[in-house]
Amino acid sequence: MKKLLLILILLLALCGCKEKPVEVIEEPEPNNDPPISDVYPDYSDLQPIIDDVLEYLKGDWLLRSDNEDSNMSVTLTFDPGTNTLKILRSDDEYIIGELEPFNSAYDDAGINDAVEFKFKEASNYFISKYGNSEYMYNSYLQFFFGYFENNDYLFLRELGNGFSVTDMEGLGEDNMSGDCGWMFTRLTGLTYPTFTVNEEIKYKDDTFYALCWGRGETYLLQKVNVTEQEESWYEDPIKTLRVVYDGSENQYNAFLYNGKNLPDEVKPGLVLVTVDADGKVTDLKDIPYLGYGAYQGE
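Since the structure is predicted, the reported quantities are computational estimates derived from the model, not experimental observations.

**A few points about the sheet that holds strand β6 (residues 139-148)**
Within a sheet, adjacent strands bond to each other through the backbone by hydrogen bonds, running parallel or antiparallel.
Phase 1: The eight strands are arranged β1-β2-β3-β4-β5-β6-β7-β8 in a closed barrel whose pairing can be described as antiparallel. Direction aside, the axes of adjacent strands within the sheet are offset by 35° on average.
Phase 2: Here four bridges tie strand β1 (residues 59-64) to strand β2 (residues 74-79), and the two strands are oriented antiparallel to one another. Bridge pairing in β2 places G59 opposite F78.
Phase 3: In the packing of helix α6 (residues 165-172) onto the sheet, contacts are made with β2, β3 (84-89), β4 (94-101), β5 (114-122), β6, β7 (151-158) and β8 (182-187), and the angle to β3 comes to roughly 55°.

**Section: the packing of aromatic side chains**
Think of a pair of aromatic rings as described by two things: how far the centres are apart, and how the planes are tilted against each other in angle.
Phase 1: This structure, assessed with the given rule, holds 14 aromatic pairs.
Phase 2: Taken together, Y56, W61, F143, F144, F145, Y245 and Y252 form an aromatic cluster joined through their ring pairs.
Phase 3: Across from the ring centre of Y94, 5.0 Å away, lies the NZ or CZ of K86, which sits over that ring.
Phase 4: Residue placement shows K202 over the ring face of Y257; its charged tip is 4.7 Å from the ring centre.

**Quick look at the pattern of salt bridges**
Phase 1: Counted by the stated rule, this structure contains 10 salt bridges.
Phase 2: Salt-bridge contacts for R89 lead to E169; the nearest nitrogen and oxygen are separated by 3.6 Å. Taken together, the positions of R89 in strand β3 and E169 in helix α6 put the pair 80 residues apart, joining distant regions of the chain. No difference in accessibility class separates R89 from E169, as the two residues are buried.
Phase 3: Of the charged contacts in the structure, one is a salt bridge between K285 and E298, with a shortest N-O distance of 3.6 Å.

**Notes on unusual backbone geometry**
Phase 1: At D92, a position not held by glycine, the phi torsion is positive, near 75°.
Phase 2: With respect to the secondary-structure elements, D92 resides in the loop between β3 and β4.

**Some words on the pairing of β2**
Phase 1: Residues V74, L76 and F78 point to one face of β2 and are all buried, whereas T75, T77 and D79, pointing to the other face, are not buried.
Phase 2: Of the pairings in the sheet, the one linking β2 to β3 comprises six bridges and is antiparallel in character. Note on β3: the bridge partner recorded for T75 is L88.
Phase 3: Between the end of β2 and the start of β3, which pair antiparallel, lie four residues, with N83 showing a positive phi angle near 60°.

**Some remarks on a negative patch on the surface**
Phase 1: Residues D66, E68, E217, D264 and E265 make up a contiguous surface patch of negative charge.
Phase 2: Here E265 is to be found in the loop between β12 (255-257) and β13 (269-275).
Phase 3: Look at E265 and you get partly exposed, because its relative accessible area is 34%.

**Here we look at α6**
Residues spaced three or four apart along an α-helix face the same direction, because each turn holds 3.6 residues.
Phase 1: Taking burial as the measure, the eight residues of α6 include seven buried ones, the bulk of the element.
Phase 2: For α6, every residue scored as buried is listed here: V165, T166, D167, E169, G170, L171 and G172.
Phase 3: Two or three places before T166, at the opening of α6, S164 has a side-chain oxygen 3.3 Å from that residue's backbone nitrogen.

**Concerning the confidence of the model for the protein**
The predicted structure's coordinates, where accompanied by low pLDDT, should not be read in detail.
Phase 1: Averaged over all residues, the pLDDT of the protein equals 82, while 79% of them reach at least 70.
Phase 2: Taken element by element, the protein is modelled with least confidence in helix α2 (residues 36-39), mean pLDDT 34, and with most confidence in β13, mean pLDDT 98.
Phase 3: In the model, residues 1-47 has pLDDT below 50 throughout and makes 24 contacts with residues more than four positions away in sequence or in other chains.

**Observations regarding the environment of L63**
Phase 1: Along the polypeptide, L63 turns up in strand β1.
Phase 2: The sequence separation of L63 and L76 amounts to 13 residues, and the corresponding C-alpha distance is 7.9 Å.
Phase 3: In this structure, L63 is in contact with M72, V74, N175, W182, M183 and F184, ignoring residues within four places of it in sequence.

**Here's the deal with the side chain of N151**
Phase 1: Assignment of secondary structure puts N151 in strand β7.
Phase 2: A distance of 3.1 Å separates a polar side-chain atom of N151 from the backbone oxygen of E149.
Phase 3: Filtering out sequence-adjacent residues up to four positions away, N151 remains in contact with G146, R186, L187, T188 and L262.

**Let's talk about the nonpolar core**
Phase 1: Residues L76, F78, L154, F184 and W213 are the most contacted members of the largest nonpolar core, which totals 51 residues.
Phase 2: Per-element accounting of this core gives the leading share, six residues, to β6.
Phase 3: Apart from the residues within four sequence positions on either side, F78 is in contact with L54, L57, K58, G59, W61, T84, L85, L99 and L154.
Phase 4: Among the nonpolar cores identified, the runner-up in size contains 12 residues, and Y203, F208, Y257 and V275 belong to it.

Procedures and definitions
- Residues numbered from 1 in each chain as written.
- Predicted model: local features only at pLDDT ≥ 70, side-chain atom pairs only at ≥ 80, totals over all residues.
- Heavy atoms only, no water.
- Pairing = 2+ DSSP bridges.
- Helix = DSSP H or I, 4+ residues; strand = E, 2+ residues; numbered from the N terminus.
- Axes fitted to C-alpha atoms, helices over the stretch in contact; angles between N-to-C directions.
- Contact = heavy atoms within 4.5 Å.
- Phe/Tyr/Trp six-rings, centres within 6.5 Å; stacked < 30°, edge-to-face > 60°.
- Lys NZ or Arg CZ within 6 Å of the ring centre and 35° of its normal.
- Salt bridge = Lys/Arg side-chain N within 4 Å of Asp/Glu carboxyl O.
- Buried < 20%, exposed > 50% of the residue type's maximum accessible area, 1.4 Å probe, protein only.
- Patch = residues over 30% accessible without salt bridge, like charges linked within 9 Å, V, L, I, M, F, W, Y side chains within 5 Å.
- Areas by Shrake-Rupley, 256 points an atom, 1.4 Å probe, with all protein chains shown as cover.
- Lys, Arg positive; Asp, Glu negative; His and termini not counted.
- Charge placed at Lys NZ, Arg CZ, Asp CG, Glu CD.
- Polar contact = N/O pair within 3.5 Å; in protein donor to acceptor, adjacent residues only side chain to side chain.
- pLDDT = per-residue confidence, 0-100.
- Core = buried A, V, L, I, M, F, W, Y, C linked by side-chain atoms within 4.5 Å.

What follows is the structure, given as C-alpha cells:
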C-alpha cells in the first residue's frame, strides 16, 4: 500500500509539473544497520495472546536447574505451525501435546498467561508405563517470559491440583526450581538490548515487584505488577497477589543489577525489590508462592 501511494504521488507530481525541470537529488548513503524491530521482536504494547506467544516461543528451549542430583536434561520445542509442544528428555523419551489457550490463570487478569497441554503422542517408555489416556498427561501450564542481552527466559508451572505424567516425568519433578515450576533458556545471538542500554534504562531509586530470573552476587530482575485481592480457598478467605505484566515499553525486559556478570543461581520467583539511585539492589524479599498461580498477600 505504501509503494502504491508513493507511485500515485509521483505521477501527480509529474502531471502537474511537465514544464519544470526535474531536480536530481542525490540519495544518501544507505544505512545497513537493521532497525530494532528487525533485530528483536517488539512486544512493547502487546498483551501476550497465545498466537503471538507461540510465535515468540517458536524453537528450542533448554532446561535450567541447580539440582545437582538430576542427570536428565530436557528440551522444549514449540511449533506454532502445528500448535504443539514437544518435551524431549536427554534419553530421547518424549511427550507431544497440542496447546490450547486456557485464557488466564485467574479471572479478570486482562492477559492470557496459561495454556492447556493436551496429550497427542509419546514414546514407548511413557505409553508402556502409563498408557495413552489423555487424563494422565494433560496439564494446565502457566507461563512467564522475559529477555536480557543474548538470552531469553521462560518459566512454566502446573496450575492444577497435583501433577500429571507430563509434569512428573516429562519435565521432571526433580528439575523444578523456584516457585514450583521449571525454568528454560535459549541463546538468541541478538545484542539488543545491550548491557549498556540496560544500564541506561533500568529502574533506579524505586521499590517494585519483579520476576527474579537469577540471583547470587548479581540479580536479573523483570519488573511486574501484581493484583491484590481476597480469595476463598477451601472456604477460608486469604489475601493473594497475582503477577501481571506492567504494560510498559520494557515489560518483557529483564535488567541486570549489582554487577556485569549473569547470576550463577537459578531460582526464579516473585520478589519485592528496592534499588537505590545508582541502580544497586539494597533489599530483596521473596514473596511466598501459595499455589494455583497465587502468591501470599499481606
